[in-house]
Amino acid sequence: MSIPANLKYTKDHEWVSIEGDVATVGITHFAQKELGDIVYVEVETLDQTLDKDEVFGTVEAVKTVSDLFLPLTGEIIAFNESLESAPETVNSDPYGAGWMIKIKIADASEIDSLLSDEAYKELIGA
């Protein structure tokens, strides 16, 4: 199972890539595998500022719908609109083309609360 070392992770199975004060967020390989075939990604919080752990959207798979939790406080500045027509990209490329949102980070100190790749591997028993 792929767990890139250059990313941070949450206990809710989101991954976070940080570049300056912008974080790119998606769900992990483990999460997409558990959900199964993803058929819809909904994010209605674009241009909103949300607190860490608030729901920023949902991902719908054939058998279930799962909330998506914001890993860091900030403003949602971008949504991966290609997921509207090709949500299955989250299954095929969760760490690349399957990214979901970009956040302008409001509190950089929250980054310290994210999991390393080693801590995430331990969480999922990988």
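The rules we used
Residues numbered from 1 in each chain as written. Predicted model: local features only at pLDDT ≥ 70, side-chain atom pairs only at ≥ 80, totals over all residues. Heavy atoms only, no water. Helix = DSSP H or I, 4+ residues; strand = E, 2+ residues; numbered from the N terminus. Rg over C-alpha atoms; globule rule 2.2 N^0.38 Å. Buried < 20%, exposed > 50% of the residue type's maximum accessible area, 1.4 Å probe, protein only. Contact = heavy atoms within 4.5 Å. Areas by Shrake-Rupley, 256 points an atom, 1.4 Å probe, with all protein chains shown as cover. Lys, Arg positive; Asp, Glu negative; His and termini not counted. Charge placed at Lys NZ, Arg CZ, Asp CG, Glu CD. Core = buried A, V, L, I, M, F, W, Y, C linked by side-chain atoms within 4.5 Å. Pairing = 2+ DSSP bridges. Salt bridge = Lys/Arg side-chain N within 4 Å of Asp/Glu carboxyl O.

**Topic: the overall build of the protein chain**
Consideration 1: Check the secondary structure of the protein chain and you find 4 helices and 9 strands.
Consideration 2: What you see for the protein chain is a C-alpha radius of gyration of 13 Å, in line with the 14 Å of a compact globule of 126 residues.
Consideration 3: Structurally, the protein chain occupies a C-alpha span of about 35 × 35 × 20 Å along its principal axes.
Consideration 4: In the protein chain, which comprises 126 residues, the share counted as buried stands at 48%.
Consideration 5: Counting only contacts in the protein chain whose residues sit at least 6 apart along the sequence, the fraction spanning at least 24 positions is 59%.
Consideration 6: Accessible surface computed for the protein chain: about 6,300 Å², of which carbon and sulfur atoms make up 46%.
Consideration 7: Charged side chains of the protein chain number 8 positive and 25 negative; the gap between the two group centres comes to 7 Å.

**Some details on the nonpolar core**
Consideration 1: In terms of nonpolar packing, the biggest core is built from 26 residues, with I27, V41, F56, M100 and I101 touching the most fellow members.
Consideration 2: If you list the elements that add at least two residues to this core, you get β3 (22-27), α1 (29-35), β4 (38-42), β6 (55-61), β8 (74-79) and β9 (101-105).
Consideration 3: Among all residues touching I101, those that are not within four sequence positions of it are A23, T24, V25, V43, F56, L70, I76, A78 and F79.
Consideration 4: Formed by 10 residues, the second largest nonpolar core is a distinct cluster that contains I3, L7, F30 and Y120.

**Details of the sheet that holds β3**
Two orientations exist for strands paired in a sheet by backbone hydrogen bonds: parallel and antiparallel.
Consideration 1: The 6 strands lie next to each other as β1-β2-β3-β9-β8-β5, forming an open sheet whose pairing is antiparallel. Of all the strands in the sheet, just β1 (8-9) and β5 (49-50) have a single pairing partner and so form its edges.

**With respect to the environment of S116**
Consideration 1: Turning to its location among the elements, S116 is positioned in the loop between β9 and α4 (117-124).
Consideration 2: Between the alpha carbons of S116 and A106 there is a distance of 21 Å; along the sequence they are 10 residues apart.

**Focus: the pattern of salt bridges**
Consideration 1: As enumerated under the stated definition, the model contains 3 salt bridges in all.
Consideration 2: For K104, the salt bridge identified is with D21, shortest N-O distance 2.4 Å. In this pair, K104 sits in strand β9 while D21 sits in the loop between β2 (14-19) and β3, placing the two residues 83 residues apart along the sequence.
Consideration 3: K104 gets classed as partly exposed once you look at its relative accessible area, which sits at 37%.
Consideration 4: On the basis of relative accessible area, D21 is assigned to the partly exposed category, the value being 36%.
Consideration 5: The residue K121 makes a salt bridge to E118 at a minimum N-O spacing of 3.6 Å. Linking K121 with E118, this pair stays in helix α4, spanning 3 residues, or about one helical turn.

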